[in-house]
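What follows is each chain in one-letter form.
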Amino acid sequence: MTETKLLKEIEWKRQSLNKAAWNKPLFSEEVVRLSKELDSLLNRYDGKKAVSSDH
């Protein structure tokens with residue numbers, strides 16, 4: 001996945017998480033799932049940045 005596409009996916013997931021968190025309890029299955037998915041995307045992005053700064 002390109003960096004641009006990954007950033008768009010991160011933003012979309014962040015917005016989805018915010019929307020869910022406003023409408024459901026923070027410990028709801030949906031909010032927890034979205035939070036984990038966002039964490040995963042952020043870790044991927046951070047990994048890409050670490051690799052590109054090493055070169």
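Scroll up a little and you will see the structure.
These remarks concern the structure in this document. (Residues numbered from 1 in each chain as written. Predicted model: local features only at pLDDT ≥ 70, side-chain atom pairs only at ≥ 80, totals over all residues. Heavy atoms only, no water.)

## Description of the pattern of salt bridges
Enumeration according to the criterion identifies 5 salt bridges in this entry. Residues Glu 37 and Lys 13 are paired through a salt bridge, measuring 2.6 Å at the closest nitrogen-oxygen approach. Taken as a pair, Glu 37 in helix 2 (residues 29-54) and Lys 13 in helix 1 (residues 3-23) lie far apart in primary sequence, 24 residues in all. On the basis of relative accessible area, Glu 37 is assigned to the partly exposed category, the value being 27%. (Salt bridge = Lys/Arg side-chain N within 4 Å of Asp/Glu carboxyl O. Helix = DSSP H or I, 4+ residues; strand = E, 2+ residues; numbered from the N terminus. Buried < 20%, exposed > 50% of the residue type's maximum accessible area, 1.4 Å probe, protein only.)

## Observations regarding helix 1
The end-to-end C-alpha separation of helix 1 is 30 Å, in line with the 30 Å expected for 21 residues at 1.5 Å each. Three or more residues of helix 1 are buried, namely Leu 6, Ile 10, Lys 13, Leu 17 and Ala 20. Mapping the buried residues of helix 1 onto a view down its axis gives an arc of 100 degrees, with all of them on the same face. Structural note: helix 1 exposes Thr 4, Lys 8, Lys 19, Trp 22 and Asn 23 on the side pointing more than 90 degrees away from its buried face. Summarising the contacts, the buried residues of helix 1 are in contact with helix 2. (Expected span 1.5 Å × (residues − 1). Arc of directions from axis to C-beta. Contact = heavy atoms within 4.5 Å.)

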